[in-house]
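Given next are the chains, with one letter for each unit.
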Amino acid sequence: MKTIVVGGGIIGAAIAHQLRGQGEDVIVLEAGAGATAASFGWINASFFLTPDHFRLRQAGIEAWRRLGVAVEWTGCLCWDVQGAALEAQQAELAELGYDVERVEQGAFRTLEPHVAAPDRALRFGIEGVAAPAATAERLLAGVRRVRGVRAEAVATAGGAVTGVHTGQGFMAADRVVIAAGTASPDLLAPLGVTLPMLDRPGVMVRTRPVPQVMTHVLVTPDAEVRQDAQGHIWTPTAANHQADEADRVDAPLDHAADVAVARLRALLPQHVIAWDQVMLAHRPVPQDGLPVFGPAGPRGCFVAVMHSGVTLAAIAAELVAAQVTGRPLSNRQAALAAPYTVDRFQSR
């Protein structure tokens, strides 16, 4: 049985990695760069939309630890809100059993001596970072890849998948996983499957390398911030990037990068910060903001589209790979997957 995974971003890469690890014949079809290269890379469950979404994201953290791919478990310091709102956030996460503690200003300075310290913050000790593009490449090591070729349509016969039509001809397959981000709805529509998506462009800034000035992911009132192993600092241009609802980017990207760097200089007042890359990507956000994965339409067709892809890649890969190969899900896995089928968007 051969499976084609359409999309080589972090979601498609993780699914292909799982399938190959189970001895499956898998090919990844990649049209080009998507949202992964411009992703922030934060693995967390402190941001969530519903209790089910929290449980899925928490399972995502656990799944990354099983995956065996390098992740920096940095922890996160968060102070995007203060006062009663911060206390409410701490109480909610503690009630859910999350690893959360309050950090006062003095303790913050000990943890992050180069960062302008807030009055108080929350620390989420189990969170981390997977450098998105590099991690996707590691996951795809040993996987067969067809690159620079766009999937044009999923072929079917007798109610089942037979392969994928591409600009370079037909590729036969017994199963197809559509993990093509914002291109996924156009592949699903001819199959009679509706996947409404939101327009959610995002702009990510990367600075020139500087000496190590932070160890945690930082969630400030202005934006998320992290530093990678090479010394680059990453930050989105929008505040509260994960919940950003802007449907367009109007400012010139160099100006947006300049504004982001000005914020970083205030956060890191003792250091010279300058940007070297600014990246625009269209994040794959289903209409209700929640992930979509599982069977979709004809027999042998599956979909996996979500934001945040980095947080959810490892758990989505476990669940989708089981569905693709017909392995039964455990009761816990079935409960995790149940709210996120594409069926919720189909006409009744």
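See the structure shown above.
Residues numbered from 1 in each chain as written. Predicted model: local features only at pLDDT ≥ 70, side-chain atom pairs only at ≥ 80, totals over all residues. Heavy atoms only, no water.

Draft legend 1. The overall build of the chain, seen in detail. Counting its secondary structure elements, the chain contains nine helices and 21 strands. For the chain, the C-alpha radius of gyration of 20 Å lies close to 20 Å, the compact-globule estimate for 348 residues. The principal-axis extents of the C-alpha atoms in the chain amount to approximately 65 × 40 × 40 Å. Across the 348 residues that make up the chain, the buried fraction comes to 53%. (Helix = DSSP H or I, 4+ residues; strand = E, 2+ residues; numbered from the N terminus. Rg over C-alpha atoms; globule rule 2.2 N^0.38 Å. Buried < 20%, exposed > 50% of the residue type's maximum accessible area, 1.4 Å probe, protein only.)

Draft legend 2. Geometry of the pattern of salt bridges. Applying the stated rule across the entire model yields 15 salt bridges. Residues E30 and R145 are paired through a salt bridge, measuring 2.7 Å at the closest nitrogen-oxygen approach. Of this pair, E30 sits in strand β2 (residues 25–30) while R145 sits in strand β8 (residues 144–147), placing them 115 residues apart in sequence. Here R344 and D288 are joined by a salt bridge, their closest N and O atoms 2.7 Å apart. (Salt bridge = Lys/Arg side-chain N within 4 Å of Asp/Glu carboxyl O.)

Draft legend 3. Representation of the sheet that holds strand β9 (residues 151–157) in the model. Taken in spatial order, the three strands line up as β9-β10-β11 in an open sheet, and their pairing is antiparallel. The open sheet has two free edges, formed respectively by β9 and β11 (169–172), since each of these has just one partner strand. The average angle at which neighbouring strand axes cross in this sheet is 30 degrees, direction not considered. Pairing of strand β10 (residues 160–166) with β11, which is carried by four bridges, proceeds in the antiparallel orientation. Within the sheet, the bridge partner assigned to V164 lies in β11 and is M171. (Pairing = 2+ DSSP bridges. Axes fitted to C-alpha atoms, helices over the stretch in contact; angles between N-to-C directions.)

Draft legend 4. Spatial organisation of unusual backbone geometry. Each neighbour pair has its own omega, and for H307 with S308 the value is 10 degrees, a cis peptide bond. Along the polypeptide, S308 turns up in the loop between β21 (301–305) and α8 (309–325).

Draft legend 5. Main features of the environment of A121. By the secondary structure assignment, A121 is in strand β6 (residues 120–124). For the pair A121 and A70, spaced 51 residues apart in sequence, the C-alpha to C-alpha distance is 27 Å. Beyond its immediate sequence surroundings of up to four residues, A121 is in contact with C78, W79, L86, E101, R102, V103 and F108. (Contact = heavy atoms within 4.5 Å.)

Draft legend 6. Expanded view of the sheet that holds strand β1 (residues 2–6). As summarised here, the arrangement of the six strands in space is β8-β2-β1-β12-β21-β20, forming an open sheet in which the pairing is mixed. For this open sheet the edge positions go to β8 and β20 (292–295), each flanked by a neighbour on one side alone. Mean inter-strand twist for the sheet, computed between neighbouring axes without regard to direction, equals 20 degrees.

Draft legend 7. Quick look at the packing of helix α2 (residues 51–67) against α8. Across the interface, α2 lies against α8 with an axial gap of 7 Å and an inter-helix angle of 75 degrees. On the basis of the axis angle, α2 is roughly perpendicular to α8. Every residue of α8 that contacts α2 at L56, R57, A59, G60, A63, W64, R66 and L67 is listed here: V310, T311, L312, A313, A314, I315, E318 and L319. For the contact of α2 with α8, the residue count by class is 11 nonpolar, two polar and three charged. (Parallel < 35°, antiparallel > 145°, perpendicular 65-115°, else oblique. Nonpolar A, V, L, I, M, F, W, Y, C, P; charged D, E, K, R; others polar.)

Draft legend 8. Molecular detail of the packing of aromatic side chains. Taken as a whole and judged by the stated rule, the model has five aromatic pairs. Seen in terms of ring centroids, F54 and Y98 are 5.7 Å apart; in terms of plane orientation they differ by 75 degrees. Their pairing is edge-to-face. In this pair, F54 is assigned in helix α2 and Y98 in the loop between α3 (83–95) and β5 (100–104), connecting sequence segments 44 residues apart. Overall, the relative accessible area of 2% leaves F54 in the buried class. The class for Y98 is buried, based on a relative accessible area of 5%. An aromatic cluster is defined as three or more aromatic residues linked by ring pairs; in this entry it consists of F48, F54, Y98 and F124. Its end group placed over the ring of F40, R226 keeps NZ or CZ at 5.8 Å from the ring centre. (Phe/Tyr/Trp six-rings, centres within 6.5 Å; stacked < 30°, edge-to-face > 60°. Lys NZ or Arg CZ within 6 Å of the ring centre and 35° of its normal.)

Draft legend 9. The arrangement of the side chain of Q90 in detail. In this fold, Q90 is placed in helix α3. Not counting chain neighbours up to four residues away, the residues in contact with Q90 comprise V100, E101, R102 and L122.

Draft legend 10. Up close: α3. The terminal C-alpha atoms of α3, which comprises 13 residues, lie 19 Å apart, in line with the 18 Å expected from a rise of 1.5 Å per residue. Within the span of α3, buried status applies to L86, Q89, Q90 and L93. Viewed along the axis of α3, the buried residues span an arc of 95 degrees, placing them on a single side of the element. Away from the buried face of α3 by more than 90 degrees, exposed residues A84 and E95 are located. (Expected span 1.5 Å × (residues − 1). Arc of directions from axis to C-beta.)

Draft legend 11. Expanded view of the pairing of β2. β2 sits mainly inside the fold: five of its six residues count as buried. Between the parallel elements β1 and β2, the chain passes through helix α1 (residues 10–21) in a crossover that is right-handed. Inspection of the sheet shows β2 paired to β8 by four bridges, in the parallel sense. Along β8, the bridge assignment pairs E30 with R147. (Right-handed = clockwise from strand over helix to strand, strands pointing away.)

Draft legend 12. Structural context of the pairing of β20. By the bridge criterion, four bridges tie β20 to β21 in an arrangement that is antiparallel. Considered in β21, the bridge of G294 is made with V303. Once β20 ends, the chain turns through five residues before running back antiparallel as β21, passing G297 with a positive phi of about 80 degrees.

Nothing here speaks to function; it is all geometry.
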